[in-house]
Amino acid sequence: MGSSDTICALATPPGEAGLGIIRLSGSDAISVVAKFFQGKQDLLKAKSHRVFYGKLIHPETQETIAEVMCAIMKSPHSYTGENVVEVSAHGNPLLLQRILQIFLSSGCRLAENGEFTKRAFLNGKLDLSQAEAVIQVVRAKTSSALTMAVQHLEGKLGRHLKEIRKKILAILSPIEAGIDFPEEEVPEVSSQGLKEDIIEVIEQIQELLKTAASGKILREGVSAIIAGKPNVGKSSLFNALLRESRAIVTPIPGTTRDSLEEWADIKGIPVKFVDTAGLRNTRSRVEKIGIARSRESLAKGELVLVVLDQSGKLESYDLELLNIAQKKRGIAVLNKSDLSSALDLQKIREAYKGELVSVSALHNQGIQELEEKIADILMEGQIHSDTPMITLMRHQACLERTVHFLTESLGTLEKNYPLDLAAADLRGAAETIGEITGDYYTDDLIEKIFSDFCIGK
Ligand code: GDP
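Rules and cut-offs
Residues numbered from 1 in each chain as written. Predicted model: local features only at pLDDT ≥ 70, side-chain atom pairs only at ≥ 80, totals over all residues. Heavy atoms only, no water. Phe/Tyr/Trp six-rings, centres within 6.5 Å; stacked < 30°, edge-to-face > 60°. Helix = DSSP H or I, 4+ residues; strand = E, 2+ residues; numbered from the N terminus. Buried < 20%, exposed > 50% of the residue type's maximum accessible area, 1.4 Å probe, protein only. Pairing = 2+ DSSP bridges. Contact = heavy atoms within 4.5 Å. Salt bridge = Lys/Arg side-chain N within 4 Å of Asp/Glu carboxyl O. Near = heavy atom within 4 Å. Polar contact = N/O pair within 3.5 Å; in protein donor to acceptor, adjacent residues only side chain to side chain. Nonpolar A, V, L, I, M, F, W, Y, C, P; charged D, E, K, R; others polar. Axes fitted to C-alpha atoms, helices over the stretch in contact; angles between N-to-C directions. Parallel < 35°, antiparallel > 145°, perpendicular 65-115°, else oblique. Left-handed = near helix turned anticlockwise from the far one by under 90°. pLDDT = per-residue confidence, 0-100.

Novice: Teacher, can you tell me more about the packing of aromatic side chains here?
Specialist: With the rule as written, the count across this model stands at three aromatic pairs. An angle of 55 degrees between the planes, with centres 6.1 Å apart, marks the rings of Phe36 and Phe103 as tilted. Of this pair, Phe36 sits in the loop between α1 (29-34) and β3 (37-39) while Phe103 sits in helix α2 (residues 93-104), and the two are 67 residues apart along the sequence. For Phe103, a relative accessible area of 0% gives the class buried. With centroids separated by 5.2 Å and ring planes inclined at 65 degrees, the aromatic side chains of Phe121 and Tyr441 adopt a geometry described as edge-to-face. Taken together, the residues Phe121 in helix α3 (residues 115-122) and Tyr441 in the loop between α15 (419-437) and α16 (443-451) connect sequence positions 320 residues apart. A residue is classified by how much of its surface remains accessible, and Phe121, at 7% relative accessible area, is buried.

Rendered as structure tokens:
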């Protein structure tokens, strides 16, 4: 371990702050810092996992560069598995640059994006799914996304996948034994038994793949269209939802915002509310544009909130909207609950069998209940379930390919083709699922994954 060069980088965001931290990793990490450090402790003799106060002094000019705290973590018990030093100093960007410069001129090089975590992976401190979770933890925009990322970081997903991979290898091994040593006394492999085992693994992976839809929702968020006749209270509801929940920045980089759309954190799920009130605000325009246009904008939303005025009359436009909501994920929001009710519930029920929530957007009543309904509908209770959730597209694609290989091997067995054909597919399946945890990887894959990280991580 630690045969590679020593790297260093700023680990905190650039700019003024209370503290700034520079991190070093590699066999020379401690000796590089020790060249400049003056304090009660000689860092070269320091115990691991201790923090030392001192100053960094320029060896030639004897000038004080900074007042620092140095945390020493010796190999192999560190984040990267190598010697690691974290130098905390006052959070001035110039000061931190100076510190970085003296380290860089003394045998360190600047770390590449994600290189600390990459080393942690290559030194066996993390599996690949955990390494990817590191960046998900850093980037999580909502509480649920964070919960998932922390679970993955703890290795829950990795352990689950390694178990599945073990099963695939267990199916493969007697077949390979038969192929490699055909002359020897290898127990006869039962094709029926193999098929059953493969089917079991496929089902297990499919169970995981079911969570990918929720994973995608947490990763990318969903848009919820607020639809309804003019004056039913769409804009009021839009504002009430955003007042109640925390507005967040868009989870997808590069998307623009406008006044009719706003992202909010709904029980941990990023939801973009779209207020259609601004699209058409007079009754005559509604009639002109008609339901076709509404259909078009509703089609874009993963969720539709059909707002009805509880104090008003049900009209055919309302029923049309309910009809659309019935066919996708929708909630009928009965607004103006503070006024006396005039709506014909029976008629609503005939058109629409989904969720109904009564609110007063004006008086902020029922908004919490509405948020809970939204979260329930979107996640279908999956956040708290025991199956780890698939939140990355890369993992989903690997699992789909694994299923494909397994299905191919099943087909080969069904047709009684030679066993080595099935073995090739099973090997493919084991490799592909291994790409998620990093039990199997190529340099390109590693390059691609870690280039997405920030420097210093
Ligand atoms: P939109 O055209 O559907 O966007 O409707 P608005 O949000 O502009 O609301 C239309 C009118 O209904 C406004 O005068 C609101 O103050 C009123 N309104 C909205 N929500 C409520 C509510 O819960 N109770 C009452 N009494 N009035 C409401």
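Further notes follow.
Novice: Please explain the pairing of strand β4 (residues 50-57) as it appears in this structure.
Specialist: Both β3 and β4 contribute to a ladder of three bridges, which runs antiparallel. By the bridge assignment, Phe37 is partnered in β4 with Leu56. Note that β4 and strand β5 (residues 64-73) share eight bridges and pair antiparallel. Bridge pairing in β5 links Val51 to Ala71. Where β4 folds back on β5, the antiparallel hairpin that results is connected by six residues, among which Gln62 adopts a positive phi of roughly 60 degrees.

Novice: Looking at this structure, I do not really get the environment of Phe450. What am I missing?
Specialist: Locating Phe450 in the fold gives a position in helix α16. Between the alpha carbons of Phe450 and Ala131 there is a distance of 8.7 Å; along the sequence they are 319 residues apart. When near neighbours in sequence (up to four residues on either side) are disregarded, Phe450 contacts Asn113, Gly114, Thr117, Lys118, Phe121, Leu128 and Ala131.

Novice: Honestly, the pattern of salt bridges in this entry has me stumped. Any pointers?
Specialist: Proximity of charged atoms lets side chains of opposite charge pair with each other. Considering all chains together, one arrives at 23 salt bridges under this definition. Where Lys166 meets Glu163, a salt bridge forms, and the shortest distance between an N and an O atom there is 3.5 Å. Highlighted residues: Lys166 and Glu163, both in helix α6 (residues 156-180), separated by three residues, approximately one helical turn. Taking the shortest distance from any N to any O, the salt bridge between Glu435 and Arg401 comes out at 3.3 Å. In this pair, Glu435 sits in helix α15 while Arg401 sits in helix α14 (residues 393-414), placing the two residues 34 residues apart along the sequence. A residue is classified by how much of its surface remains accessible, and Arg401, at 39% relative accessible area, is partly exposed. A network of salt bridges, in which partner residues are shared, links Asp5, Glu82, Arg109, Glu115 and Arg119.

Novice: Sorry if this is basic, but what is going on with the site of the ligand here?
Specialist: By nearness alone, 16 residues border the ligand, and Asn231, Lys234, Ser235, Ser236 and Asp338 come closest of all. Within the backbone of Val232, an N or O atom sits 3.4 Å from an oxygen atom of the ligand. Within the contact set of the ligand, an oxygen atom lies 2.6 Å away from a side-chain nitrogen or oxygen of Ser236. With three residues, helix α9 (residues 234-244) is the single largest residue contributor to the shell around the ligand. Taken together, the residues of the shell around the ligand break down into six nonpolar, six polar and four charged.

Novice: Even after reading the chapter, I still don't get the packing of α3 against α16, so can you show me in this structure?
Specialist: Angle between the axes and distance between the axes are the two parameters that describe a pair of packed helices. Relative to each other, α3 and α16 sit at 140 degrees, their axes nearing to 9 Å. It follows from the interaxial angle that α3 and α16 lie oblique. Crossing of α3 over α16 shows right-handed handedness. Only Ile446, Glu447 and Phe450 of α16 make contact with α3, whose side of the interface consists of Thr117, Lys118 and Phe121. Class assignment of the residues belonging to the contact of α3 with α16 gives a composition of three nonpolar, one polar and two charged.

Novice: Is there a simple way to explain the confidence of the model for the protein chain in this structure?
Specialist: If pLDDT is low for a region, its predicted coordinates should not be looked at in detail. Confidence in the prediction for the protein chain averages 88 pLDDT; 88% of positions are at 70 or higher. Within the protein chain, the element-level pLDDT minimum falls on helix α10 (residues 283-299), averaging 58, and the maximum on β4, averaging 98. Overall, residues 254-258 carries pLDDT values under 50, and its contacts beyond four positions in sequence, including any with other chains, amount to five contacts.

Novice: It is not clear to me how the sheet that holds β5 should be interpreted in this structure. Could you clarify?
Specialist: Within a sheet, each strand pairs with its neighbour through backbone hydrogen bonds, oriented either parallel or antiparallel. Pairing is mixed across the open sheet formed by seven strands, whose spatial order is β3-β4-β5-β6-β2-β1-β7. Strands at the two margins of the open sheet, each flanked by one partner only, are β3 and β7 (108-110). Strand-to-strand twist of the sheet, defined as the mean angle between neighbouring strand axes without regard to direction, takes the value 35 degrees. Sheet strands touched by α2: β1 (6-10), β2 (17-25), β4, β5, β6 (84-91) and β7. Its angle to β6, the strand with the most contacts, is close to 150 degrees.

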